[in-house]
Amino acid sequence: MTSFVRVEHGSFGLGESPYYEDAHCSLVEYNFTCKLECCPDDVISLDNLVHKPLLLSVFEVLPKEKKQKERSVVLIGQLTVDLLPLLQGETCIKSISTIHPTPESPIKLPPADSQNASLELMVTTSEPLLPQEHIEKCNLLRVTVEAAFSVPDGYASASPQYIYAIALPMPVSSEKEIPLIMANGVPQSFAECKASPKPKCWPQRNIRAAGASHIQGTLIESTCNGHSQESKEFPMKAEMELNCISWYTERRCYLNSGAAASLQKSIADNRLWPVEIFRTTVPVMGKGSKGKVEKMEESLPISCHGVAFVDMASLLYPGAQRVHGVYQVTPYSDTALFEKTNRSCGVARDALQTEGEIRCLSVLSTLTSGVPRQAVSCISKDEKPPRDATSKARTRNMTIVKQTSELEFDGGESVSCIKAETQPYLEAETYIVLEFFVDKPFIHKRTTEELTMRVSELIPSRSALPKKIYGAQEAVQSFHAQIHSIADMLIAKYHDMLKEDADGLPNDYKSQEDRKSKLFYEFNSSGAYYAFKEQLKHSIIDIVREKYLKRTTFKDEDELHVFLSDLYVFLMDETHIVLNKIMSTDESSSTPIQQTTSIQLRNFAKDAEILGHNELAIKYLQEVLLQDKMDPEHWIDYGLFCLRTGDATRAEECFREAVAVDQNNVLGLILCGVMCVMDERYEEAEILLEKVTSEDPRCMLAWTVLGLVYTGQQNNILAELAFSEAQQTNPAAAIECSAQPVVDPAVKSCDNEQHEGGSSDVYVNTQDQNHRPQEGVTQDESKRERFGTPPRALNSLLQASNFLVEAHVPQVAERALSCAALELLDSERSEYHLILGKLHMLRGNFEQAELHLNKASQHDHKNPDTWAFMGHLYYKMGRPSQAQDCYERTCSFVEDTSEIHTVHLQLASIYLRDGQFKKAKQMYLLACKSYPSQFSCLGAGIACYRLGQLEEAEDALSEANFLDNSNAVVWGYLSLVCLKAGRRMEAEQSYKYAVKLHLQDDGLLAEIAQAQVDAGFGDPSY
């Protein structure tokens, strides 16, 4: 068999090998080399390298028949070589590729278990095409057109005269834009189209071998068989008998730094990217007077012109690389195109007039027309391969075009789309599946390690300090140790001296004195007494310096004598403490000191704040910090209290302390970010909140606040991403959506312009994406008490607004509410007005707060939170009767409000003030049921005292005193109870503590004085 190889790149021939004859058809060595010119400075040349493969065609030269002037050739197989590695820095591509037979080849496909024919080749460059710094700056965009479903009835015609094409604009530099065209659409039935997986194909149509047109290593999973996410959004009509147009083609686009920047700017300015779909006829070539090929018809007819608008904004998300979705095809209109993309006209006509693409389209005619399968070209018998390979290739292509131009098509088929071009796509509800993928994200996504380092720079980590004893306490403990050592030596010396006759010693006073004198004599005569004094000298000097702060001489003798007297008393007391511990025979320790837990102290602080005792609340919160400064929750509680009292500076310091203690504390990072938003320090807030989302991608609150940060930066694309992520991580919204029927979002996009981009999936390159927890952000009971129960089935913005209002951050909460109002549902209006009313309460605008709370009750009169906050409002406005009505209505609901403890305390205080002591007692006991505090126990004790229930009153007041023995009011009422019970000593003792703690209640003091007069005792000062 005589054969040769032709090498082509796109529509240009690079050369042909000499003829080689092999009698056994086993091995042929062509030893053929050709050159492909490529200019690294020409972006068009580089773009051709990435999207056009190297095509090698193997031809058989048939024997010359009688009366035949020239020998005939037939194409027997083809293969393609991907040149992309050359732009990735490689200088050599070695390949042993299978030769795929063409449909007209006389060679049949070999059995599956046999070895296929292959061709060994090598592509080399003398040096890398691009330097490494250019490779790092450039990018590659892969546009994949899969298939169009539910196309109009007359659109998917099997006639070979039609070409189905996709065209879209694409920048190749910062100033230039070219049209892309993929003109290899094939009409298929739905059953053929949904078969999977399918390999991606090259966009060239001059590849006749089916296997050679596939891009190696690429597969497309089925987009309409229910295995992919976007299949849920497919139109149900596609499951029926409507036809499809399949492309399954990938068009690569080389983007240098300028083109990538231009594409990003275009997406940022106009989110929607037009993708045009149309049908045209096979181009027909005209002939000159002398039989030479002149040129193609200048204008090809375009019919069934439609357009799909792809929302490309997802590619501007940090770390995003892929946009893949189902998009509705609408009739093409210059007006609609300009309104949505700010483009004056489409690119379909320009794409058809592109010389290279026209050449590919003309080759298509040899595949779809009635031309015989054997493409014949004339070669003289002794003709050698031409030196100019490009000229030879163009001659052969022109020969094929000439044959095609002489054919006549059957024009009997009517085209229904041309009659009413504006209707078929809408009536058929046509959809197309598209994918845009960039090898490198346009916007770098910070890694978790990078964010951790940035947060550490903003807020340095603070490790737990070891507990050490300094100063006076250390000096006293050193003195204790020396006394303990001397006492051990004295006891040992005494036993050694008397061990011989210890059993027979008398125990009378005289004998004891004799033994003591003997012991003293031994110490004085042996020098041990002097040694003991020297041993104690250094510890006593430390006590003088550290505890009494004496480092200078005394002014006179009197001052010295006074100091020595005080020092002697102190040293003797400390000596007795040590000796008592040594000589004590009691195994049981002393009475344990009651230690109030941090949870109790936080509850006390909450009740003190509810009742308006802010100074007392600060005292409790500071006691919590003293117990454990390394617990970030304690700093967060103190910071939130500072926010509620208007001290934003100290609040931010507390939040930063919480982050310094624990760099991964979610709530601390979020609150630090919120404080940055208040001061418009958006870059710092972005770092803190991105740290949270990288550690916990399911944190709805962090995504929402991050969206508010982007809103403040006027970055609408990233704000949309953050809000979308927040809504996807919203457990309430997920449950609500799962209970609703699935609505085709593409159909929804017909009615709502905000979904014009169709529905798409965004793939973000992040390390934590595959490790997301199954549930939403968990909060312990203390956090729920701190911020209240989140509203039921609300969107993420409303939940964040509620959190910000509870945290007393009105500026940021107002911004969140304004964003939530844009997409407010009817079912959310009650909660929206409730949160807005709380915001006005926070700002002291009580009239507007009352207005919005009334609206909230009109939308949902069964919500107990609405009535609870309405009661709070009336309580602040000084209208106790209306507050009482609202509180009583709140308590009557089966479902408790998140403010139930506050409601019980406030309602009980109203009852106590109005003299309804029985009801007040009941409410205070309900408040104690939530958690007991000295305030609720005190209130219960006062109510019982007013009811004459002295024993219950004493029990309640004793419990309040046990929880906090520094409350003067508790001691005052205890004195009243003891006076009524006739217990003089307890009454006087309680009164003494009440006066010592500076009881300020004049009414209570007058009542105690009158009770003392009636009882005749109670005031020890008489």
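Residues numbered from 1 in each chain as written. Predicted model: local features only at pLDDT ≥ 70, side-chain atom pairs only at ≥ 80, totals over all residues. Heavy atoms only, no water.

### Focus: the overall build of the chain
Step number 1: Of the regular secondary structure elements, the chain holds 40 helices and 21 strands.
Step number 2: Looking at the chain residue by residue over its 1022 residues, the buried ones come to 49%.
Step number 3: Considering only intrachain contacts with a sequence separation of at least 6, the fraction spanning at least 24 residues in the chain is 70%.
Step number 4: Looking at the chain as shown, the accessible area adds up to about 52,300 Å², and 51% of this sits on carbon and sulfur atoms. (Helix = DSSP H or I, 4+ residues; strand = E, 2+ residues; numbered from the N terminus. Buried < 20%, exposed > 50% of the residue type's maximum accessible area, 1.4 Å probe, protein only. Contact = heavy atoms within 4.5 Å. Areas by Shrake-Rupley, 256 points an atom, 1.4 Å probe, with all protein chains shown as cover.)

### Looking at the nonpolar core
Step number 1: Counting residues in hydrophobic clusters, the biggest one holds 210 residues, and the most contacted among them are Leu56, Leu141, Leu168, Met170, Ile432, Phe436 and Ile670.
Step number 2: Among residues more than four places away in sequence, those in contact with phenylalanine 436 are Leu141, Arg142, Val143, Leu168, Val275, Val310, Met312, Leu315, Gln321, Arg322 and Val323.
Step number 3: Ranked by size, the runner-up nonpolar core spans 18 residues in total, among them Leu519, Ala528, Phe563 and Leu571. (Core = buried A, V, L, I, M, F, W, Y, C linked by side-chain atoms within 4.5 Å.)

### Observations concerning the packing of aromatic side chains
Step number 1: Across all of its chains, the model carries eleven aromatic pairs by this definition.
Step number 2: For the pair phenylalanine 604 and tyrosine 620, a centre-to-centre distance of 5.6 Å together with 65° between the ring planes defines the contact as edge-to-face. Here phenylalanine 604 is found in helix 17 (residues 598–610), whereas its partner tyrosine 620 is found in helix 18 (residues 614–627), with 16 residues between them in sequence.
Step number 3: Of the aromatic side chains, those joined through ring pairs into one cluster are Tyr548, Phe554, Phe563 and Phe570. (Phe/Tyr/Trp six-rings, centres within 6.5 Å; stacked < 30°, edge-to-face > 60°.)

### Remarks on the pattern of salt bridges
Step number 1: In the structure shown here, the tally under the stated rule is 35 salt bridges.
Step number 2: Among the salt bridges present, the one from arginine 271 reaches glutamate 720, with a minimum N-O distance of 2.6 Å. Here arginine 271, found in the loop between helix 5 (257–269) and strand 15 (272–281), pairs with glutamate 720, found in helix 24 (residues 716–728); they are 449 residues apart in sequence, far enough to count as distant.
Step number 3: A salt bridge links arginine 879 to glutamate 850, with the shortest nitrogen-to-oxygen separation between them at 3.7 Å. Of this pair, arginine 879 sits in the loop between helix 32 (864–876) and helix 33 (880–891) while glutamate 850 is found in helix 31 (residues 846–859), placing the two residues 29 residues apart along the sequence.
Step number 4: Ionic contacts of the salt-bridge type, sharing partners, join the residues Asp82, Arg142, Lys200, Glu250, Arg252, Arg322, Glu435 and Asp439 into one network. (Salt bridge = Lys/Arg side-chain N within 4 Å of Asp/Glu carboxyl O.)

### Examining the side chain of histidine 51
Step number 1: Following the sequence through the fold, histidine 51 ends up in helix 1 (residues 43–51).
Step number 2: Within the structure, the side chain of histidine 51 is placed 2.7 Å from the backbone oxygen of aspartate 47, a separation counted as a polar contact.
Step number 3: Engagement of the side chain of histidine 51 in a polar contact is seen with the side chain of arginine 251, the distance being 3.4 Å.
Step number 4: Residues within four places of histidine 51 in sequence aside, it is in contact with Trp202, Pro203, Gln204, Arg251 and Arg252. (Polar contact = N/O pair within 3.5 Å; in protein donor to acceptor, adjacent residues only side chain to side chain.)

### Focus: the confidence of the model for the chain
Step number 1: Of all residues in the chain, 79% have pLDDT values of 70 or greater, and the mean over the chain is 80.
Step number 2: Overall, residues 734–793 carries pLDDT values under 50, and its contacts beyond four positions in sequence, including any with other chains, amount to 111 contacts. (pLDDT = per-residue confidence, 0-100.)

### A look at the packing of helix 17 against helix 19 (residues 632–644)
Step number 1: Two numbers describe how helix 17 lies on helix 19: the axes approach to 12 Å, and their chain directions differ by 5°. Classified by the angle their axes make, helix 17 and helix 19 are roughly parallel. For the pair helix 17 and helix 19, the contacting residues are Ser598, Arg602 and Glu609 in the first and His634, Asp637, Phe641 and Arg644 in the second.
Step number 2: For the contact of helix 17 with helix 19, the class distribution of residues is one nonpolar, two polar and four charged. (Axes fitted to C-alpha atoms, helices over the stretch in contact; angles between N-to-C directions. Parallel < 35°, antiparallel > 145°, perpendicular 65-115°, else oblique. Nonpolar A, V, L, I, M, F, W, Y, C, P; charged D, E, K, R; others polar.)

### So, the environment of alanine 956
Step number 1: Of note, alanine 956 is situated in helix 37 (residues 950–963).
Step number 2: The spatial distance from the C-alpha of alanine 956 to the C-alpha of alanine 943 is 9.9 Å, given a sequence separation of 13 residues.
Step number 3: In contact with alanine 956, not counting residues within four places along its chain, are Cys937, Ala940 and Gly941.

### Considering unusual backbone geometry
Most peptide bonds take the trans configuration, and most residues that are not glycine carry a negative phi.
Step number 1: Even without being glycine, serine 150 reaches a positive phi, approximately 55°.
Step number 2: For serine 150, the position within the fold is in the loop between strand 9 (139–149) and strand 10 (162–171).
Step number 3: Phi at tyrosine 248 is positive, roughly 50°, even though this residue is not glycine.
Step number 4: With respect to the element layout, tyrosine 248 can be found in strand 14 (residues 244–255).

### Points about the packing of helix 37 against helix 38 (residues 968–981)
Step number 1: At their nearest, the axes of helix 37 and helix 38 sit 10 Å apart, and the two run at 150° to each other. The orientation of helix 37 with respect to helix 38, classified from their angle, is roughly antiparallel. Here helix 37 and helix 38 pass one another in a crossing that is left-handed. Between helix 37, through Leu950, Ala953, Glu954, Leu957, Ser958, Ala960 and Asn961, and helix 38, the contact on the second element is made entirely by Val970, Trp971, Tyr973, Leu974, Val977, Lys980 and Ala981.
Step number 2: In terms of residue class, the contact of helix 37 with helix 38 is built from ten nonpolar, two polar and two charged. (Left-handed = near helix turned anticlockwise from the far one by under 90°.)

### A closer look at the pairing of strand 2 (residues 12–16)
Step number 1: With respect to burial, strand 2 is a largely interior element, four of its five residues being buried.
Step number 2: Examined bridge by bridge, strand 1 (residues 2–9) and strand 2 share four bridges and lie antiparallel to one another. Considered in strand 2, the bridge of valine 7 is made with glycine 15.
Step number 3: Taking the residues between adjacent antiparallel strands as the criterion, strand 1 and strand 2 are bridged by two residues, where glycine 10 takes a positive phi near 70°. (Pairing = 2+ DSSP bridges.)

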